[in-house]
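Next come the chains, spelled out residue by residue.
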Amino acid sequence: MKIVENWNIDNKGKPWFDDELFVVLSDSPTKSNCEKYARAFKRGIGSITQIYRWAMTSEKEIKRKRGEEKFVNQVKRISKKAGWV
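Residues numbered from 1 in each chain as written. Predicted model: local features only at pLDDT ≥ 70, side-chain atom pairs only at ≥ 80, totals over all residues. Heavy atoms only, no water.

Student: Explain the overall build of the chain residue by residue, including any values.
Tutor: Helix and strand content of the chain: five helices and two strands. Secondary structure of the chain in N-to-C order comes out as β-β-α-α-α-α-α. Against the 2.2 N^0.38 benchmark of 12 Å for 85 residues, the chain shows a C-alpha radius of gyration of 13 Å, consistent with a compact globule. The dimensions of the chain, computed from C-alpha atoms along their principal axes, are 40 × 25 × 20 Å. Each of the 85 residues in the chain was classed as buried or not, and the buried ones make up 33%. In the form shown here, the chain has an accessible surface area of approximately 5700 Å², with 54% of it arising from carbon and sulfur atoms. Distance from the positive charge centre (19 side chains) to the negative charge centre (11 side chains) of the chain: 3 Å. (Helix = DSSP H or I, 4+ residues; strand = E, 2+ residues; numbered from the N terminus. Rg over C-alpha atoms; globule rule 2.2 N^0.38 Å. Buried < 20%, exposed > 50% of the residue type's maximum accessible area, 1.4 Å probe, protein only. Areas by Shrake-Rupley, 256 points an atom, 1.4 Å probe, with all protein chains shown as cover. Lys, Arg positive; Asp, Glu negative; His and termini not counted. Charge placed at Lys NZ, Arg CZ, Asp CG, Glu CD.)

Student: I'd love a proper account of the packing of helix H4 (residues 59–66) against helix H5 (residues 70–81), names of residues and values included.
Tutor: In contact at an axis separation of 11 Å, H4 and H5 are set at 165° when each is read in the N-to-C sense. As summarised for this structure, H4 and H5 are arranged roughly antiparallel, according to the angle between their axes. Of the two possible hands of crossing, H4 and H5 adopt the one that is left-handed. Across from Glu 59, Ile 62 and Arg 66 in H4, the residues of H5 making contact are Val 72, Asn 73, Lys 76 and Lys 80. A class-by-class count of the residues in the contact of H4 with H5 yields two nonpolar, one polar and four charged. (Axes fitted to C-alpha atoms, helices over the stretch in contact; angles between N-to-C directions. Parallel < 35°, antiparallel > 145°, perpendicular 65-115°, else oblique. Left-handed = near helix turned anticlockwise from the far one by under 90°. Contact = heavy atoms within 4.5 Å. Nonpolar A, V, L, I, M, F, W, Y, C, P; charged D, E, K, R; others polar.)

Student: Any chance you could break down the packing of helix H1 (residues 18–25) against helix H3 (residues 45–56) for me, citing the residues and the numbers?
Tutor: Relative to each other, H1 and H3 sit at 80°, their axes nearing to 10 Å. By the angle class used here, H1 and H3 are roughly perpendicular. In this structure, H1 contributes Leu 21, Val 24 and Leu 25 to the contact, and H3 contributes Ile 48, Ile 51, Tyr 52 and Ala 55. The residue inventory of the contact of H1 with H3, partitioned by class, reads seven nonpolar, no polar and no charged.

Student: Report on the side chain of Ser 79, specifying residues and quantitative values.
Tutor: Inspection of the secondary structure puts Ser 79 in helix H5. Contacts of Ser 79, omitting those with residues within four sequence positions, involve Leu 25, Ala 55 and Trp 84.

In structure tokens, the structure reads:
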């Protein structure tokens, strides 16, 4: 079991489920929410902040820099469902 900042990060590096991303993206990108979801999904805070960053990145920028990355495209797809534009 991996422990960071007093919580378990056993899911670090594992794929995200769409439902998990939707929950994260249904809330605002605050420091407290990043910690809350990191703890809830057994991930590092950096992974949660990265989800918010990809959600806020323009489609054009993603296609130019990361268009082939499955995770980035998954975050962008779910961010649309969660109401991010």
